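# Reading the structure
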Amino acid sequence: MAEWLSDPWQYEFMQRALWAGLLVSIAGAVVGAFVVVKGLAFMSDAVAHSSLAGAAVAFVTGGGSLAINIGAVIAAVMTAVSVSTLSRTARLREDTAIGLLFAAFFGFAILLISRSRSFALDLNSFIVGNILGVTTEDLWLMGALTVIVLALTLFFYRELLFTSYDPVMAAASGVPVTLVHMGLLTLVALAAVIAFRLVGVVLVMAMLVAPAATAGLLVRRMPMIMLIGTGVGVLSTVVGLYSSFYFDVAAGPAIVMTAIVAFVLAYLLSGRGLAIPRRLATAVSG
Amino acid sequence: MDTPAVEVTGLTTGYRNHLAIEDITFTAASGRLVGVLGPNGSGKSTILKSLIGLLPPWYGTVRVFGQPPGRARNRMGYVPQAEEVDWDFPVSVRDVVAMGLYERKLGLDRFRRVKEAPIIHALERMGAAQLANRQVGELSGGQQRRVLLARALVRDPDLVLLDEPAAGLDATAEAELLRLLRTMADEGKCVMVATHDIQGVYDTFDDAVLVNRHLVSTGPVRASLTDHSLHQAFGRQLITLQGIDHHEHHVEQSHEVRGGQEHERTR
Ligand SMILES: Nc1ncnc2c1ncn2[C@@H]1O[C@H](COP(=O)(O)OP(=O)(O)OP(=O)(O)O)[C@@H](O)[C@H]1O
Ligand SMILES: [Mg+2]
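Residues numbered from 1 in each chain as written. Chains lettered and ligands numbered in written order. Predicted model: local features only at pLDDT ≥ 70, side-chain atom pairs only at ≥ 80, totals over all residues.

## Some details on the overall build of chain A
When helices and strands are tallied, chain A shows 14 helices and 0 strands. Scanning chain A from its N terminus toward the C terminus, one meets helices and strands in the order α-α-α-α-α-α-α-α-α-α-α-α-α-α. Its C-alpha atoms give chain A principal-axis dimensions of roughly 60 × 50 × 30 Å. Put simply, chain A has 286 residues, and 52% of those count as buried. Restricting the contact set of chain A to residue pairs at least 6 apart, pairs at least 24 apart contribute 75%. (Helix = DSSP H or I, 4+ residues; strand = E, 2+ residues; numbered from the N terminus. Buried ≥ 20, exposed ≤ 12 C-beta atoms within 10 Å, placed from the backbone. Contact = placed C-beta atoms within 7 Å.)

Laid out in structure tokens, this is it:
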């Protein structure tokens, strides 16, 4: 039994995968707490998909792993900022703006990629994730981004909380709400880029939504949601990696499915699975 | 007390390209309890939003303690009318009241713990101290209202702006609120309340601002709330105040504004 448990961690790629999972869990839960209470799931999904455009540009122009990740961050942040700007200036509902930009960026990415045969392989790793292929360089980058996300969230916690809870009063109290909202979307973008290494752009939303939503069923304070959410993310990563190692399934989806199971369990066990149903409903259907 | 708490001059503003109020001029002094009256859609909420700085003026000026609203934020407390607050949000009552202490600064002192005393004191004033650790989502409508009032009062503001604060409060709470507002005015604060309780304003408030998109009348309640001015503001609706002296006030329509434009001040 002990061997069965320790075996996988003899491999360095498994160790790196675990570290990656830890980083994704932290960034995912901290940002995810806001995503869940604010109903930004669709936004997270769009940002993750859009990041592919930046990655594609970097790849086509001959950039390496670092350039590809930076390209992804730039595209993701651009999407976040554009959504906020477009929905205000063109008086579009935010989800309409998201839908438009989602399509624009993702379409552009596929267009670029369709020109390049060799990218198909890397494309696959972007779309479904390639956690077992995480390099040390990737880890450093993910770590740096996670530190940035944590620092920003911690520093601007009051503004983020106030604006999320009551934007009108926040504005009346002198919080620059538009800036804070854009900042939050940027955090979502950063978290999405951190997470897509692990589970791929398609399932990024799961890492932002599932652990925080699970935590939201169990505790009712933002800092606790972030803490418990991180725990759920780490647990899902560990279980997912074991499954991948022993049952030969893709690691990313295994992690995501574990997180979903954790949510269902929490929903059933909490006995007050009605704590956040409305927001969750919008998050899931979004 | 030279500069009035509120000084609004020729204020015209609205939402996007929809004109809401036009050429509103009035002052409100410290130490006064001021009622903002008018029919639905007459611009009461719009005036309060302009005072707190949520709506910039199109024309005219708004001064709070002699400064633009943005500069006087720390001296104002505000409770909006139909607050779009998300009551399911995972915060406690204490967290919500603490938001009233927000200050815009970027120093590291932002990490200092929020002081407990003013929060508890504000909740006590609203008779809600025992709710401090509850989740806001677990409260009744009236209790939520009290929490929002506590948030507005936590900074001990010099100008208090309340938009129909009594909506949803039980009779006791409403009477208590009124007493509290009276006390605050007597302490030297300016308290402005948008309300539909004209009789209540007439009986217990000091001043009134009567609007119907334009300014109809303003000044001490006995002078500004007359048969004539109420008729002007509310149109055909029959509103009769108890205790109003019809004859006296025909003579004394001093602060009324005819046609919403010219100010006739014949004291
Ligand atoms: N958010 C908004 N967007 C566009 N127009 C608005 C908005 N809020 C108010 N208005 C318009 O501005 C005018 C004044 O509205 P306001 O809310 O100030 O009235 P009020 O006197 O507070 O009414 P009530 O007694 O119903 O609260 C109305 O014609 C209304 O239609
Ligand atoms: Mg109103």
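## Regarding the site of ligand 1
Residues and elements named next belong to chain B. Around ligand 1, the structure places Tyr15, His18, Ala20, Gly38, Asn40, Gly41, Ser42, Gly43, Lys44, Ser45, Thr46 and Gln81. Residue assignment for the shell around ligand 1 shows that the elements contributing at least two residues are strand S2 (18-28) and helix H1 (44-52). Looking at which element gives the most residues to the shell around ligand 1, the answer is H1, with 3 residues. Taken together, the residues that form the shell around ligand 1 break down as 2 nonpolar, 9 polar and 1 charged. (Near = placed C-beta within 6 Å. Nonpolar A, V, L, I, M, F, W, Y, C, P; charged D, E, K, R; others polar.)

## Considering the interface of chain A and chain B
On the side of chain B, 20 residues touch chain A, which itself brings 20 residues to the contact. Going through the elements one at a time, helix H8 (157-165), helix H9 (167-172), helix H12 (222-247) and helix H14 (277-285) of chain A are the ones with two or more residues in the side of chain A that touches chain B. For the side of chain A that touches chain B, the class distribution of residues is 11 nonpolar, 3 polar and 6 charged.

## What about the packing of helix H10 (residues 177-199) of chain A against helix H11 (residues 204-218) of chain A?
Each packed pair of helices is defined by two parameters, the angle between the axes and the distance between the axes. All names here are of chain A. Here H10 crosses H11 at 110 degrees, and the two axes come no closer than 7 Å. Relative to H11, the element H10 lies roughly perpendicular. Every pair of crossing elements has a handedness; the one defined by H10 and H11 is right-handed. Only Val204, Ala206, Met207 and Leu208 of H11 make contact with H10, whose side of the interface consists of Ala191, Ala192, Ala195, Phe196, Leu198 and Val199. (Axes fitted to C-alpha atoms, helices over the stretch in contact; angles between N-to-C directions. Parallel < 35°, antiparallel > 145°, perpendicular 65-115°, else oblique. Left-handed = near helix turned anticlockwise from the far one by under 90°.)

## Some points on the pairing of S2(B)
Residues and elements named next belong to chain B. The pairing of strand S1 (residues 6-15) with S2 spans 7 bridges and is classified as antiparallel. Counterpart to Gly14 in the pairing with S2 is Leu19. Counted along the chain from S1 to the antiparallel partner S2, the turn is 2 residues long, and its residue Arg16 has a positive phi close to 50 degrees. (Pairing = 2+ DSSP bridges.)

## Focus: the confidence of the model for chain A
Taken residue by residue, chain A gives an average pLDDT of 85. The fraction at 70 or more is 92%. Within chain A, the lowest mean pLDDT, 49, falls on H14(A), and the highest, 94, falls on H12(A). (pLDDT = per-residue confidence, 0-100.)

## Quick notes on the environment of B:Leu230
Note on placement: B:Leu230 falls in helix H8 (residues 227-234). Placed 13 residues apart in sequence, B:Leu230 and B:Ser217 show a C-alpha to C-alpha distance of 8.9 Å.

## Some thoughts on helix H4 (residues 141-153) of chain B
All names here are of chain B. Taking 1.5 Å of rise per residue, 13 residues should cover 18 Å, and H4 covers 19 Å from first to last C-alpha, within 8% of that figure. Burial within H4 is extensive, with 10 of its 13 residues counted as buried. Three or more residues of H4 are buried, namely Gln144, Arg145, Arg146, Val147, Leu148, Leu149, Ala150, Arg151, Ala152 and Leu153. The inward-facing, buried residues of H4 abut strand S5 (76-79), helix H2 (93-99), helix H3 (116-125), strand S6 (159-163) and helix H5 (171-186). (Expected span 1.5 Å × (residues − 1).)

## As for the sheet that holds S2(B)
Residue and element names in this part refer to chain B. With antiparallel pairing, 3 strands are arranged side by side in an open sheet as S2-S1-S4. Two strands close off the open sheet at either side, each with one partner strand: S2 and strand S4 (59-64). Adjacent strand axes in the sheet meet at a mean angle of 30 degrees, parallel and antiparallel pairs treated alike.

## Focus: helix H5 (residues 94-114) of chain A
Residue and element names in this part refer to chain A. In a regular helix each residue adds 1.5 Å, so 21 residues correspond to 30 Å; H5 covers 30 Å between its end C-alpha atoms and thus fits that length. Turning to H5, its buried residues are Ala97, Ile98, Leu101, Phe102, Phe105, Phe106, Ala109 and Ile113. Angular distribution of buried residues about the axis of H5 spans 135 degrees; they occupy a single face of the element. Residues of H5 that are exposed and angled more than 90 degrees away from the buried face: Gly107, Leu111 and Ser114. (Arc of directions from axis to C-beta.)

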